[in-house]
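Read off the chains here:
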Amino acid sequence: MENAFGQPQTVVVLGGSSDIAREVTKKLCAARARTVVLAGRNESLLREAAEEAQNAGATSTHLVSFDAQDVTSAESAVAESFAAVGAPVDLVIIAVGLLGDQLLDENDPAAAARMSIVNYAWPVTALAALRQRMVAQGSGRIVVISSVAGIRVRRGSYLYSGAKAGLDRLCEGLADSLIGTGVTLQIVRPGFVHTKMTTGLKPAPFSVDAERVAKDIVSGLGTPALVVYTPSIMKWLFAILRHLPAPLWRKINEER
Amino acid sequence: MGRALRPRHPRVSREKLYGWGRTAPSVANVLDPTSDEVFSLLCTSTHVLSRGLGRSYGDAAQLAGGLVLRNSAMTVMDEIASDGSVWVDAGVTIDDLIRVGLPQGWFVPVTPGTRQVSVGGAIAADVHGKNHHVDGSFGHHVLSLILATPTGTITCSPTERAELFWATVGGMGLTGVVLRAQIQLLAVTSDKVVVDTTRFANLEAVMHEMQTGDHRYRYSVAWVDCMTTGAAMGRAILTRGDHAENGGERQSPRDAKIGVPFSAPSGLLNGLSIRAFNELWFRMAPKQRQGEEQSIGAFFHPLDGVRDWNRLYGRRGFVQYQFAVPDAASETVVEAIKLLAESGVPSFLAVLKRFGEGTPGPLSFPMPGWTLALDLPVGPTALPGVLDQLDTLILEAGGRVYLAKDARLDPATFRAMYPRFEEMLHLKHQIDPNTVITSDLARRLELIRK
């Protein structure tokens, strides 16, 4: 069970091999997390993540395999993960995402579909499978890794950012639907994070590493906040950016 | 014959249940059954827990996704016998006992800091009061109890099925649902308490006085300031008293006149405001005052004057950390307060008390020596780590933390602090082989594996 400080004992990570997820898992295991399920596609990376979790304090780790390009894998991944824990699941992290290559993908219908499936349809399917299980539990927390990119979608990454925008807005409604159920949902909106996903991209201002993002996510768990911005300055930055006149918005995104 | 003190609410509802600290609530199916209905509910449900008035601070009276049986419809209180013993339903409260008993010259043998505790809850948490060093805990005054378990309804007492009795006393509700209990009340001739108050400049002085002088009083408690460092570290106000010999009208205590209607903004109680409160509290106390007459309400239950005072801590709530250490580890009390004061984590006036013997139960909390209880608002990022450090300190001193207050202990530390927990599991296996009875606390501490 989650304790008074929002520290979980049982954790399921969907997209467990992502750099952000791995950092969060390590921190959770250093606190109270002992049973950890890492679900994802790349088994060797998942195995590395499991080893890290154990070194950090986990006593029981399980790997679950799924392919986020196949929405039908979402329900079975959730079912397998919950079965592996075999007790109330305190925290589920959804860290599934694909950055893609905007300029290649935008004229390729199959690639555009893939972007919306991995970044939107698969997480939404997983959330539906999670929702009923966690509501029956009467407890637990869901953390969805969104992005500030979804606050205002820009030309240079609209396939990724648009899908994140959809997921992010959907989660706002989903969080409201969970009021009174004992289950809570938090949306995490990181800025530019240096990870293997963003390797080779030009960093945006106020870029941070995955460790910093993980720290903010973990400290956000103890709070009733619906949205966690990381770094926290993103909240104020995007409060301005989202209202910039369109020509100005395009102008500042030209170089990127 | 007894009579029901309150009407019952008939429906099952899905409700979010909190502990008094309001930290990690969970949702359960909640029902207020009569005593007759409990056994069949235990037989037909997969997860069940009983709940009283929700005054335990953490997750002891919560069961996420399960069936929670409140005892609020079990309110029959029999006539008080001439020897002061009385049979009551589990939902009768300490407040009820005082209201009915005091005009007849009977007082509760042990009362915690609030009257709003059911007898079932008082037994499950084996509550203690300011008289533990003389009279022990609530369980020491329970003559007999009737317990519903999934394998049957059992009567137990210190002489009949004693092992089950003492596992139930302080058993955090995990042995079954207490339906009724026979309590031995205390004869009093007044509704007043004669109180001596002394102010001490530091921790050492107050601890010395308590160690050497507490045996002269039935009731004793010290309020300690845990935010002042340096020479005045642990300055304290010691109040000790006894029931007055006579006089007074044996009036029942008054209801709360004021309440807190909604949660205050988190952060209202911060380092600054708490420091100011502690300062004021300390300055207002007399240096020395002898023989002051106080009402029972003012002396035993000062916080009952403000309904829902826990909401003052805001949405994120607060944790209470209470530990017991043996006399040989008196130094640990000093170290604990030092650690807290130096960490800068804000804490309200702490309560320091002398403890006597615990009960024979496997999860009994008290031990001869000291107990210190701290109120800590959730929020400071250092707090979880500071409390983990305190755990280590307490464990090394051979002490333990109180489960009725706990909301953050981990399973390994729990096992080390309560090494006899295996006895509890063994007994539970006999009376609840399918582990129907469990709680969020039991799951968190892995006290029950399922």
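Residues numbered from 1 in each chain as written. Chains lettered and ligands numbered in written order. Predicted model: local features only at pLDDT ≥ 70, side-chain atom pairs only at ≥ 80, totals over all residues.

From N to C terminus, chain A includes 9 helices and 9 strands. For a compact globule of 256 residues, the expected C-alpha radius of gyration is about 18 Å, and chain A comes in at 17 Å, within 12% of that figure. By principal-axis analysis of the C-alpha atoms, chain A measures approximately 55 × 35 × 35 Å. A fraction of 69% describes how many contacts in chain A between residues 6 or more apart in sequence connect residues 24 or more apart. (Helix = DSSP H or I, 4+ residues; strand = E, 2+ residues; numbered from the N terminus. Rg over C-alpha atoms; globule rule 2.2 N^0.38 Å. Contact = placed C-beta atoms within 7 Å.)

Another point: the sheet that holds strand E4 (residues 91–94) of chain A. All names here are of chain A. Ordered by their spatial adjacency, 7 strands build an open sheet running E3-E2-E1-E4-E5-E6-E9, and the pairing between neighbours is parallel. On the outer flanks of this sheet lie strand E3 (60–65) and strand E9 (227–230), each paired with one strand and no other. With direction set aside, neighbouring strand axes in the sheet form an average angle of 15°. Across 4 bridges, the pairing between strand E6 (residues 183–190) and E9 is parallel. (Pairing = 2+ DSSP bridges. Axes fitted to C-alpha atoms, helices over the stretch in contact; angles between N-to-C directions.)

For sheets, the rule is that strands pair by backbone hydrogen bonds, running either parallel or antiparallel. All names here are of chain B. Strand order in this open sheet of 4 strands is E2-E3-E5-E4, and the pairing throughout is mixed. Each having just a single partner strand, strand E2 (13–17) and strand E4 (48–51) make up the two edges of the open sheet. Each adjacent strand pair in this sheet contributes to an overall mean axis angle of 45°, direction not counted. Note: E4 against strand E5 (residues 67–70), 4 bridges, orientation parallel. If you follow Leu-49 over to E5, its bridge partner there is Val-68.

Let us look at the interface of chain A and chain B. Listed by partner, the interface residues are 21 residues for chain A and 24 residues for chain B. Grouping the amino acids of the side of chain A that touches chain B by side-chain chemistry returns 7 nonpolar, 12 polar and 2 charged. (Nonpolar A, V, L, I, M, F, W, Y, C, P; charged D, E, K, R; others polar.)

A word on the domain arrangement of chain B. All names here are of chain B. The domains assigned to chain B are domain 1 (3–187 + 424–444) and domain 2 (192–408). Distance between the C-alpha centres of domain 1 and domain 2: 25 Å. Going through the elements one at a time, helix H2 (94–101), helix H4 (132–135) and helix H5 (162–168) are the ones with two or more residues in the side of domain 1 that touches domain 2. Of the residues forming the side of domain 1 that touches domain 2, the biggest block, 3 residues, is contributed by H4. (Domains from an automatic or database assignment.)

A few words on helix H2 (residues 43–56) of chain A. All names here are of chain A. End to end, H2 covers 20 Å across 14 residues, agreeing with the expected 20 Å (1.5 Å per residue, within 8%). Residues of H2 that are buried: Leu-46, Ala-49, Ala-50 and Ala-53. Take H2 and look down its axis: the buried residues cluster within an arc of 105°, on one side only. With respect to the buried face of H2, the exposed residues turned more than 90 degrees away are Ser-44, Glu-51 and Asn-55. Just downstream of H2 lies Gly-57, where phi reads positive at about 135°. (Expected span 1.5 Å × (residues − 1). Buried ≥ 20, exposed ≤ 12 C-beta atoms within 10 Å, placed from the backbone. Arc of directions from axis to C-beta.)

Residues and elements named next belong to chain B. Summarising burial for strand E3 (residues 26–31): 5 of the 6 residues are buried, a large majority. Where E2 lies against E3, 5 bridges are found, and the strand directions are antiparallel. Looking at the pairing, Leu-17 lines up with Ser-26 of E3. In the sheet, E3 pairs with E5 via 3 bridges, with the strands oriented parallel. Directly across from Val-30, in E5, lies its bridge partner Val-68.

In terms of nonpolar packing, the biggest core is built from 128 residues, with B:Ile123, B:Val178, B:Ala181, B:Ala222, B:Val224, B:Ala236 and B:Leu372 touching the most fellow members. Element by element, the count of residues in this core is highest for strand E19 (residues 318–326) of chain B, at 6 residues. Each of two domains, domain 1 (3–187 + 424–444) and domain 2 (192–408) of chain B, supplies a minimum of three residues to this core. Setting aside its immediate chain neighbours within four residues, B:Leu372 contacts B:Gln322, B:Phe323, B:Val333, B:Ala336, B:Ala350 and B:Leu352. Of all hydrophobic cores here, the second largest spans 72 residues; its members include A:Phe66, A:Ala74, A:Leu99 and A:Tyr229. (Core = buried A, V, L, I, M, F, W, Y, C linked by C-beta atoms within 7 Å.)

Here we take up unusual backbone geometry. Following A:Thr230, the chain continues into A:Pro231 via a peptide bond in cis, with omega recorded as -10°. Within the secondary structure layout, A:Pro231 lies in the loop between E9 and helix H8 (233–241). With a phi close to 60°, A:Phe206 is a non-glycine residue in the positive phi region. What makes A:Phe206 partly exposed here is the crowd of 13 C-beta atoms within 10 Å. Here the phi dihedral of B:Arg161 falls at roughly 50°; this positive angle occurs in a residue that is not glycine. Along the polypeptide, B:Arg161 turns up in the loop between strand E10 (152–156) and H5.

With that out of the way, let us pick up the pairing of strand E14 (residues 219–224) of chain B. All names here are of chain B. Here E14 lies mainly inside the structure; 6 of its 6 residues are buried. Residue alternation in E14 divides its side chains into two sets, Tyr-219, Val-221 and Trp-223 and Ser-220, Ala-222 and Val-224, and both sets are buried. Here E14 pairs with strand E15 (residues 236–243) via 6 bridges, running antiparallel. Within E15, the residue paired with Tyr-219 across the bridge is Gly-241. Two elements, E14 and strand E20 (residues 350–355), share 3 bridges in a ladder whose sense is antiparallel. Of the residues in E20, the one forming a bridge with Ala-222 is Leu-352.

On to the environment of A:Gly6. Residue and element names in this part refer to chain A. Summarising the element assignment, Gly-6 is placed in the segment before strand E1 (10–14). The spacing of Gly-6 and Ile-179 is 173 residues in sequence and 17 Å in space, taken between C-alpha atoms. Once residues within four sequence positions are removed from consideration, Gly-6 is found in contact with Leu-221 and Gly-222.

One full turn of an α-helix is made of 3.6 residues, so residues set three or four places apart face in the same direction. Residues and elements named next belong to chain A. Every buried residue of helix H3 (residues 72–85) is accounted for by Ala-74, Ala-77, Val-78, Ser-81, Phe-82 and Ala-84. Viewed along the axis of H3, the buried residues span an arc of 160°, placing them on a single side of the element. H3 presents Thr-72 and Ala-83 as exposed residues on the side facing more than 90 degrees away from its buried surface. Against the buried residues of H3 lie E1, strand E2 (35–40), E3 and helix H5 (109–137).

In this section: the environment of A:Glu75. All names here are of chain A. Along the chain, Glu-75 falls in helix H3. By the C-beta count within 10 Å, which is 15 here, Glu-75 ends up partly exposed. Counting along the chain gives 52 residues from Glu-75 to Leu-127, while the straight-line C-alpha distance between them is 9.0 Å. Not counting chain neighbours up to four residues away, the residues in contact with Glu-75 comprise Thr-125 and Ala-129.

A separate point is the packing of helix H1 (residues 19–31) of chain A against H2(A). Residue and element names in this part refer to chain A. Between H1 and H2, the shortest axis-to-axis distance is 8 Å and the interhelical angle comes to 25°. Overall, the two elements H1 and H2 adopt an arrangement that is roughly parallel. In the packing of H1 onto H2, the handedness of the crossing is right-handed. Residues Arg-22, Thr-25, Lys-26, Cys-29 and Ala-30 of H1 form the contact with H2, whose participating residues are Ala-49, Glu-52, Ala-53 and Ala-56. Counted by class, the contact of H1 with H2 contains 5 nonpolar, 1 polar and 3 charged residues. (Parallel < 35°, antiparallel > 145°, perpendicular 65-115°, else oblique. Left-handed = near helix turned anticlockwise from the far one by under 90°.)

Averaged over all residues, the pLDDT of chain B is 92; the fraction at 70 or higher stands at 95%. The ipTM assigned to the predicted complex is 0.92, against a pTM of 0.93. (pLDDT = per-residue confidence, 0-100.)

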